[in-house]
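# Architecture at a glance
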Amino acid sequence: MKSQKNNMWMKILSVVIAVLIWLFVANTNDPVITKRFYSIPVKITNEDALTKRGYAYEILDGEEVNITVKGKSSIVRSMGITDFQAVADFSKLSKVDAVPIDVTAKKYSDQLDITLGTTNTMKIKKDEVVTISVPVNITVKGDPAEGYAVGRATSTPNLIKVSGPENLLSSAKEIRATVSVDDISHDVTATDKPVLYDEEGKKISNNQIEFDTSSISIYVELWKTKTVDVKLSYTGEPAKNYHLVSFDYEPKQITIAAPDDTLESLDSITLDSVSIDGLKENYEKDIDLTQAVLPDDVILAGDDANDVKVKATIEKITSHKLSFEKKDINVTNNSNGYKVAYDKDNDYSILVDGPSSVVDSLAIKDFVPWIDVNGLEPGTHEVSLHVRDVEGVTVGATTKLKITLKENK
């Protein structure tokens, strides 16, 4: 009997020793380890617990979490961040606008111990949901075929109602729809999704923003181009004792585009005249062709500048005395061939008034001075000195010259 009891205890001891040996071997070959996993995205659930109350939200912190996982080496080492699920349940939103984050393993959850890092809640900022109307602007990409330009571009709808967080929509400026016209020579019909942009031209993208339509219909007219003359004149006169030396503008031609019926009737563009009335100094102006200067349904095309540059050069009138000699005087209508003798007391000069840039460059030869002896008999006479008109200047009253005509023997 005693021998049987001893055998029983020996068997029990053997089992215990075997289990301990197995545990030792198992832990030696597959030990328990810890491992850090970073940047696990947090999924939001029960979002309508907030949105049904008329609120939108902005996540301030907690879009991702880091965790420490403890478990068997063979399990832990085989796992990645996609094997875990982090959830923020908005139905558990606290009074301080924080939502606890719960992380679970998608497999082996009963064999793992998961500890969150320093971020264990998602912190949000509640915002009112508002609805605004935003205009649609069409963005045209590419260059049409040669000889064509983009004319009218229209969208349906041209206003879209947008709902979303007030802090995001407060800076909304426009909705853009994009269409390509590259190398095309006919009108284009297309559709595009609405994209919201702020006042700085930056895209506003948020899953809480909703549009009242998911598609925009676009129609773009392509117009033929044509090169036409630019006509521009001036009105008025400079101030007293001032003179307009030159008036010029560029370009003299521009390339336009318009519907066929309008384009056929256009050969030139006449701009409103420029007034120089009463001016005492040079005048320069840029006329913006895009600002209600062109006729209706006419646009600039090609690489032409948008401005017509105007310049009027105005100078003060100065007086300049030009002297000459008897040999500079031409005699006209001397059909009788009389000899002409000039009195020694004659004044051989003229007074020229005009801008200094013009007057200073003139010589007596430019005026071709002459006297007319038509019908005069031999003897002493007083005749007028004549001069040719020169553009940009005026000549004061010319002097009288005393001459003596003699028979040519």
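Here goes a summary of the coordinates provided. Keep in mind it's a predicted model, so treat the numbers as computed, not measured.

### A word on the overall build of the protein
Tallying secondary structure elements over the protein gives six helices and 29 strands in all. Taking 22 Å as the expected radius of gyration for a compact globule of 409 residues, we find that the protein reaches 48 Å, considerably beyond that expectation. Buried residues in the protein amount to 31% of all 409 residues. The long-range share in the protein, meaning contacts at least 24 apart out of those at least 6 apart in sequence, stands at 75%. Here the protein has roughly 25,300 Å² of accessible surface; of this, 47% comes from carbon and sulfur atoms. Within the protein, one finds 47 positive and 63 negative side-chain charges whose respective centroids are separated by 11 Å.

### A word on unusual backbone geometry
Of note, the amide linkage connecting Thr-156 to Pro-157 takes the cis form, showing an omega dihedral of 0°. Among the structural elements, Pro-157 can be located in the loop between strand E8 (148-156) and strand E9 (159-165). The residue after Glu-250, namely Pro-251, is reached through a cis peptide bond having omega 0°. Within the chain, Asp-97 stands out as a residue other than glycine whose phi angle is a positive 60°. Turning to its location among the elements, Asp-97 is positioned in the loop between strand E4 (84-89) and strand E5 (98-105). Asp-97 gets classed as buried once you look at its relative accessible area, which sits at 17%.

### Points about the packing of aromatic side chains
On inspection of all chains with the given rule, the structure shows five aromatic pairs. Aromatic pair Phe-37 and Phe-84: ring centres 5.0 Å apart, planes at 55°, arrangement tilted. Of the two residues, Phe-37 is situated in strand E1 (residues 32-45) and Phe-84 in strand E4; the sequence distance between them amounts to 47 residues. Assigned by exposure class, Phe-37 and Phe-84 land together as buried. Residues Phe-324 and Tyr-348 carry aromatic rings whose centres are separated by 5.9 Å and whose planes lie at 75° to one another, so their mutual orientation is edge-to-face. Linking Phe-324 in the loop between strand E22 (307-323) and strand E23 (330-332) with Tyr-348 in the loop between strand E24 (339-342) and strand E25 (349-355), this pair joins segments that are 24 residues apart in sequence. Of the two residues, Phe-324 and Tyr-348, neither departs from the other in class, the shared state being buried. If you follow Lys-126 out to its NZ or CZ, it ends over the ring of Tyr-55, 5.0 Å from the centre. It is Arg-176 that lies over the ring of Tyr-197; its NZ or CZ is 3.9 Å from the centre.

### Structural notes on the pattern of salt bridges
Counting across every chain of the model gives 13 salt bridges. A salt bridge links Lys-52 to Asp-48; the shortest N-O distance between them is 3.7 Å. One salt bridge connects Glu-325 with Lys-327, and the closest N-O pair in it is separated by 3.9 Å. Residue Glu-325 is classed as partly exposed on the basis of its relative accessible area of 46%. Residues joined by salt bridges that share partners form a network here, namely Arg-152, Glu-221 and Asp-297.

### Details of the sheet that holds strand E29 (residues 400-406)
Reading across from one edge, E24-E29-E27 is the order of the three strands in this open sheet, with antiparallel pairing throughout. This sheet does not close on itself; its edge strands, each paired only once, are E24 and strand E27 (379-384). Strand-to-strand, the axes of this sheet are offset by a mean angle of 35°, without reference to chain direction. Where E24 and E29 come together, four bridges link them in antiparallel fashion. Directly across from Lys-339, in E29, lies its bridge partner Lys-406.

### As for the nonpolar core
Residues Phe-84 and Met-122 are the most contacted members of the largest nonpolar core, which totals 23 residues. Of all the elements in the fold, those that place two or more residues in this core are E1, strand E3 (64-72), helix H3 (73-76), E4, E5 and strand E7 (121-141). Among residues more than four places away in sequence, those in contact with Met-122 are Val-42, Ile-44, Ile-59, Asp-61, Gly-62, Glu-63, Ala-88, Phe-90, Asp-97, Ala-98, Val-99 and Ile-101. Residues Tyr-338, Tyr-348, Val-359 and Leu-405 belong to the second largest nonpolar core, which totals 22 residues.

### Thoughts on the side chain of Asp-198
With respect to the secondary-structure elements, Asp-198 resides in strand E12 (residues 195-198). No salt bridge is formed by the buried Asp-198; its nearest oppositely charged neighbour, Lys-202, is found at 6.0 Å. Within the structure, the side chain of Asp-198 is placed 2.9 Å from the backbone nitrogen of Glu-200, a separation counted as a polar contact. Those residues within four positions of Asp-198 in sequence are excluded, and the remaining contacts are Ser-171, Ala-172, Lys-173 and Ile-204.

### A closer look at the side chain of Thr-313
Mapped onto the secondary structure, Thr-313 falls in strand E22. Beyond its immediate chain neighbours, meaning those up to four positions away, Thr-313 contacts His-243, Leu-244, Val-245, Ser-246 and Asn-282.

### Let's talk about the environment of Ile-33
As for its position among the elements, Ile-33 is in strand E1. We classify Ile-33 as buried; its relative accessible area is 17%. If near-sequence neighbours (up to four positions away) are discounted, Ile-33 is found in contact with Val-69, Lys-70, Gly-71, Ser-73, Val-76 and Arg-77.

### Some details on a negative patch on the surface
There is a patch of like negative charges on the surface, built from Asp-143, Asp-182, Asp-183 and Asp-303. Here Asp-143 lies in the loop between E7 and E8. With relative accessibility at 58%, the residue Asp-143 sits in the exposed group.

Thresholds applied
Residues numbered from 1 in each chain as written. Predicted model: local features only at pLDDT ≥ 70, side-chain atom pairs only at ≥ 80, totals over all residues. Heavy atoms only, no water. Helix = DSSP H or I, 4+ residues; strand = E, 2+ residues; numbered from the N terminus. Rg over C-alpha atoms; globule rule 2.2 N^0.38 Å. Buried < 20%, exposed > 50% of the residue type's maximum accessible area, 1.4 Å probe, protein only. Contact = heavy atoms within 4.5 Å. Areas by Shrake-Rupley, 256 points an atom, 1.4 Å probe, with all protein chains shown as cover. Lys, Arg positive; Asp, Glu negative; His and termini not counted. Charge placed at Lys NZ, Arg CZ, Asp CG, Glu CD. Phe/Tyr/Trp six-rings, centres within 6.5 Å; stacked < 30°, edge-to-face > 60°. Lys NZ or Arg CZ within 6 Å of the ring centre and 35° of its normal. Salt bridge = Lys/Arg side-chain N within 4 Å of Asp/Glu carboxyl O. Pairing = 2+ DSSP bridges. Axes fitted to C-alpha atoms, helices over the stretch in contact; angles between N-to-C directions. Core = buried A, V, L, I, M, F, W, Y, C linked by side-chain atoms within 4.5 Å. Polar contact = N/O pair within 3.5 Å; in protein donor to acceptor, adjacent residues only side chain to side chain. Patch = residues over 30% accessible without salt bridge, like charges linked within 9 Å, V, L, I, M, F, W, Y side chains within 5 Å.

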